[in-house]
6 protein chains.
Amino acid sequence: MFELGVVYRNIRRADKAAADGLGKFGSATVHEAMGRVGLMKTYMRPIYAGAQVSGTAVTVLLQPGDNWMLHVVAEQIQPGDVVVAALTTDNTDGFFGDLLATSFQARGARALVIDGGCRDVRTLQEMGFPVWSRAISAKGTVKSTLGSVNIPVVCAGALVHPGDVVVADDDGVAIVPAAMAGTTLEAAAAREANEGAKRAKLASGVLGLDMYSMRGPLEQAGLKYID
Amino acid sequence: MFELGVVYRNIRRADKAAADGLGKFGSATVHEAMGRVGLMKTYMRPIYAGAQVSGTAVTVLLQPGDNWMLHVVAEQIQPGDVVVAALTTDNTDGFFGDLLATSFQARGARALVIDGGCRDVRTLQEMGFPVWSRAISAKGTVKSTLGSVNIPVVCAGALVHPGDVVVADDDGVAIVPAAMAGTTLEAAAAREANEGAKRAKLASGVLGLDMYSMRGPLEQAGLKYID
Amino acid sequence: MFELGVVYRNIRRADKAAADGLGKFGSATVHEAMGRVGLMKTYMRPIYAGAQVSGTAVTVLLQPGDNWMLHVVAEQIQPGDVVVAALTTDNTDGFFGDLLATSFQARGARALVIDGGCRDVRTLQEMGFPVWSRAISAKGTVKSTLGSVNIPVVCAGALVHPGDVVVADDDGVAIVPAAMAGTTLEAAAAREANEGAKRAKLASGVLGLDMYSMRGPLEQAGLKYID
Amino acid sequence: MFELGVVYRNIRRADKAAADGLGKFGSATVHEAMGRVGLMKTYMRPIYAGAQVSGTAVTVLLQPGDNWMLHVVAEQIQPGDVVVAALTTDNTDGFFGDLLATSFQARGARALVIDGGCRDVRTLQEMGFPVWSRAISAKGTVKSTLGSVNIPVVCAGALVHPGDVVVADDDGVAIVPAAMAGTTLEAAAAREANEGAKRAKLASGVLGLDMYSMRGPLEQAGLKYID
Amino acid sequence: MFELGVVYRNIRRADKAAADGLGKFGSATVHEAMGRVGLMKTYMRPIYAGAQVSGTAVTVLLQPGDNWMLHVVAEQIQPGDVVVAALTTDNTDGFFGDLLATSFQARGARALVIDGGCRDVRTLQEMGFPVWSRAISAKGTVKSTLGSVNIPVVCAGALVHPGDVVVADDDGVAIVPAAMAGTTLEAAAAREANEGAKRAKLASGVLGLDMYSMRGPLEQAGLKYID
Amino acid sequence: MFELGVVYRNIRRADKAAADGLGKFGSATVHEAMGRVGLMKTYMRPIYAGAQVSGTAVTVLLQPGDNWMLHVVAEQIQPGDVVVAALTTDNTDGFFGDLLATSFQARGARALVIDGGCRDVRTLQEMGFPVWSRAISAKGTVKSTLGSVNIPVVCAGALVHPGDVVVADDDGVAIVPAAMAGTTLEAAAAREANEGAKRAKLASGVLGLDMYSMRGPLEQAGLKYID
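Residues numbered from 1 in each chain as written. Chains lettered and ligands numbered in written order. Predicted model: local features only at pLDDT ≥ 70, side-chain atom pairs only at ≥ 80, totals over all residues. Heavy atoms only, no water.

**A closer look at the packing of helix α4 (residues 98-107) of chain D against helix α7 (residues 195-203) of chain E**
- Two elements in contact, α4 of chain D and α7 of chain E, have axes separated by 8 Å at closest approach and are oriented at 20°. In this view, α4 of chain D runs roughly parallel relative to α7 of chain E, as classed from their interaxial angle. Read as a crossing pair, α4 of chain D and α7 of chain E show a hand that is right-handed. Each of D98, L99, T102, S103 and A106 of chain D in α4 of chain D lies in contact with α7 of chain E, whose residues at this interface are E195, K198, R199, L202 and A203 of chain E. (Axes fitted to C-alpha atoms, helices over the stretch in contact; angles between N-to-C directions. Helix = DSSP H or I, 4+ residues; strand = E, 2+ residues; numbered from the N terminus. Parallel < 35°, antiparallel > 145°, perpendicular 65-115°, else oblique. Left-handed = near helix turned anticlockwise from the far one by under 90°. Contact = heavy atoms within 4.5 Å.)

Below you can see the structure in the form of structure tokens.
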């Protein structure tokens, strides 16, 4: 947050198995498994529907209207990473397009999460390189002011340390601190384990009121039925 | 609007034939047929394109970050209903996901209209359960504060009484008071009756200026053509 | 901007070959080719994905909640035109739907760009008539107050003169002044000429840092690497 | 909500003593006294600070960019009324200025609450005529399309029937249904009765934790203190 | 709009008497006098209440997060000017503070209108240098990318040519093209001439319905009174 | 960010002299002194103009529509603290009013910074207890769901650790990490030291172009003057 003009080359990435495993649960389950925290703001939307990824964060802090540091962060990408780009201020310019995506993809990045704008969205979809962004914008950027790479950043309201796990899908983007990746994976798996049984019950017409034993608490809270 | 902690079990639903029939006309035609009123705000968007539904409203008033009452309203759903969820304040949390959708669908609900957030959107699309919402959000909710079921609510700027007809499609969401359902159906049908002829004329190159006899009124209003 | 109640019938359209040619480059490349100017605000979105058009602007200035002038502008459309509709104030009503689209299409219009709302979006997609708008809204409009046709307008933050070239795609909407259409076409072509080579290099793993010789300037700007 | 082109001349106003009495409690206390409901959206702000009013609602529904019905509602104002102006769509134009304020004030209106824009704000402050609005705008309006007077309206998310009590201050705008005015006044008075004692305790350093006996419930909810 | 990196030194300013005279009428009257056009968006607000100015525009186009060109425009200011700063994209950074204000004031500028952020607002109020801005922000800016000075710009939705008249007050900001300054001044004066008489009538209880002879047109439009 | 239901009682506050000293420089200077970082979003506004404070942060994380933890944090306040309240989601309810302010003030708090709503604003101004908030709202809250106290939080886009220095004034809110308080104070002092000289020069008519030696760099960047 507070150092400009620096690039940290050595970061501790979350356990790879955990980082990979969290992806299949999706952002909603992962965020619940952490205790209902860790989500980015809802204005972060995928540029195309259906992508679901997880990976380890490499972070970058950008200046408004300036994408210079996206070239710097490219060199720090390792296979399995997701680039998380924060900004020093609100700005929707098109910091990222198909050329940078080609480079990121070549380095092994799985996705970009950017609290700014993105362009060439049709080409990105054809390439299969998903982006979660605050805007789509054809607006170009300059390359003249330094930001930083692999410092902790606040992206769309979420604190992201380099190496944290990023889980992104159609519902949004969740961040799991690297140290919590393993326990969160277990909690997510446990949470999903009995979802099938619940779904079957609800599909058969059983009410959540009964399945979750809510009638007592509701009555105690004062709920009144009127015919 | 003004009673918290109550569930009205007996509501007078709009005539079923009218409620069903209005769906095929869509929100734009229905709103015109009522005299250009009855629409929700434009921030209400379908979570996937192409759904077009109508049905009778069961209403629920939710507290911010709390989806307890969605379980309560589930029990009041009858086949052909559309659940309309209003909030006591602006909040985009993910009140609704695939488990509740399974339950609503099992009860015969056709859709949810919610002035809050929705999650599990990919699964909802696979299930064919359409939702119109103000946001998509992975954010979970608690179950601790009472709202109400089947009271009149204001949802996204529109007043909805239980039993009113809800018409929703890619253009938005329209509400038809139960007592006006029949006449609105007739007016919508009349409105559409001559659309085909109009469309054919316009497609052949006839101008709306002539088809609607606008040249006189435009001249009278002072319109000047400059070569 | 400053004349209400007038329709200019004779406008100087940009060179047709240039207007047509610019479309294939898309809004991002065209805006870069002009020196990174000329874009509308990012809230302007296509009502369906995948459309990419260019054409010469016929402009119209609308009053809030009033689409009367869209019928007036229809008569001024020539094949290859794109209608650009500005408003005298912020308003998201559904000024445009399938009937007007039928008329516009019959006159040879390629698209509509409107700083207001649009409805009948499913039918418009079936017709293949693309619209870039600030909102989707079922709300109908009246026909009672004059605006103007073919005066210079500000639409979504961009100045548009009648006859200018409009380039619109999934990334947004760019405006090229008629007098700059030819040189912009050349600049866009030049810009794209070496994109293939760049893309191939980046795909092979070459970094932008090296391809664009950024390491020196970054060091000079003070960038520090920390291991 | 659903009738355009009508003016109801005879409305049942809330009890005058209750309507007058509620004003001194302010919007926050009144909304609490009703059970935490009845507030307009937070975007409704006073055009100048410090005004605090209450009165009986006369309602008007306006079309976008059109203030014709404000002249119609003026005739229906009685001393002690507050005019509540709703719109059929989102619009921030300057529907109301010093001339209309002069007329409203002459009729005995205490304030205007409008889900649109207001202008001449300096003069209105000099006149001592308070307005709560969604925007300040110099934009003028036309007089050409009918709305309605004294029908139920939704204004800034709140349902308002003619005759309801409007309570407005620096914190916002609350609506009390006419039938609840008396009981709400009593509840508000009861609520305020022991505020002085509470304030004195808190000022002396007693904590809300103790004054409200929250330590037990917090512990039961699982709160942990870490040294 | 379309030239970056240029400074026009010789601009034709509107007639000084007209530019000065328009100020006393305020933005609402001036905008009406032009035919209800020429206003900036309502998000432009004064940093302190009560200022009312007019003057001739010197324009500047800024890049996001970069205030370099504000130093360039300072040199082009002449006494009686108002600086109008547009941006190439949406950005709320604090481009302007007390040091630049000191310089602008020393050059004779009367105000700044900026489609971005402003800081040091307390000091600016003490200095008596009014600013209309889209935001207040402590965020600093860099000086590294060129924009332009005295080209036509779009600022907050309004087209401004260098030399146009700017009229700003608590209601907003209006732009009068230089060539229309004289006639607009006359029209504004004519408009205000009989406002006193109107106000007196309305204050005495005469209704706008009668003063403007609206009863006939309302009846013709179909307005119905219901007792 | 990631622990719910905990209260840290022992936090390391920034050096008191530094925390106190930073206040007089204001948010803009302090943010510049840190290298142009550390600001909250511009939507955070003071509820009344003119307050300027600094102090050490005690932090609290709140759930939407629930102010229970504000009572918990009250006990952790020490004289000279500023309470920083973050939320788990966007919510504008009125979490804070005059009773809590009385308690906070009694404990020695200097201000509240809250990424939610505030009410009783007139009374708070009379009490001299400043609040920076995202909204003013009369909406009440419940007390039923745990958050946390004195964990790191993201408030309005800024990362805040307990013990950090908060600097707030009319321009916004800046956060200085506790470990940087001393050096930031020095840097701020150094920055202000020659502001007086600069101001005098600019007031005498010297241009920033000359005072900052910008003419060369501007020419090198390609700026062209056109007569």
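**Quick word on the relation of the copies chain C and chain A**
- Superposing chain C onto chain A takes a rotation of 120° plus a shift of 0.0 Å along the axis, which leaves an RMSD of 0.0 Å. Such a combination of turn and shift is consistent with a three-fold rotation axis. Using C-alpha coordinates, one finds that chain C approaches the rotation axis most closely at A49 of chain C, a distance of 6.7 Å. (Least-squares fit on C-alpha atoms with pLDDT ≥ 70 in both.)

**Structural notes on the interface of chain A and chain E**
- Contacts between chain A and chain E engage 13 residues on the former and twelve residues on the latter.
- The junction of chain A with chain E conceals about 750 Å² of combined surface from both sides, 44% of it contributed by carbon and sulfur atoms.
- For the chain A face of the interface with chain E, the top three residues by lost area are P64, T89 and K139 of chain A, together amounting to 39%.
- In this assembly, chain A and chain E are joined by three residue pairs in polar contact (both at pLDDT 80 or more).
- Considering only residue class, the side of chain A that touches chain E consists of two nonpolar, eight polar and three charged. (Buried area = accessible area lost by both parts, 1.4 Å probe. Polar contact = N/O pair within 3.5 Å; in protein donor to acceptor, adjacent residues only side chain to side chain. Nonpolar A, V, L, I, M, F, W, Y, C, P; charged D, E, K, R; others polar.)

**So, empty space enclosed by the protein**
- Going through the model one piece at a time under the given rule, you end up with eight cavities of 30 Å³ or more.
- Its volume calculated, the largest cavity comes out at about 480 Å³.
- Lining the largest cavity are 36 residues; nearest its centre among them are L39 and G157 of chain C together with L87, T88 and T89 of chain E.
- Only β10 (158-160) and β12 (172-176) of chain C together with β4 (81-87) and β9 (153-155) of chain E provide two or more residues apiece to the lining of the largest cavity.
- Tallied by class, the residues present in the lining of the largest cavity amount to 18 nonpolar, ten polar and eight charged. (1 Å grid on protein atoms, 1.4 Å probe; cavity = no way out; pocket = protein on both sides within 12 Å on 5 of 7 lines; lining within 4 Å. Points joined across faces, edges and corners; volume = space filled by probe spheres on them.)

**Description of the relation of the copies chain A and chain E**
- For the match of chain A to chain E, the screw axis carries a shift of 0.0 Å, the RMSD comes to 0.0 Å, and the turn is 180°. A rotation of that kind, with that shift, is consistent with a two-fold axis.
- An overlap of 92% is found between the interface residues of chain A and their copies at the interface of chain E, pointing to a shared contact surface.

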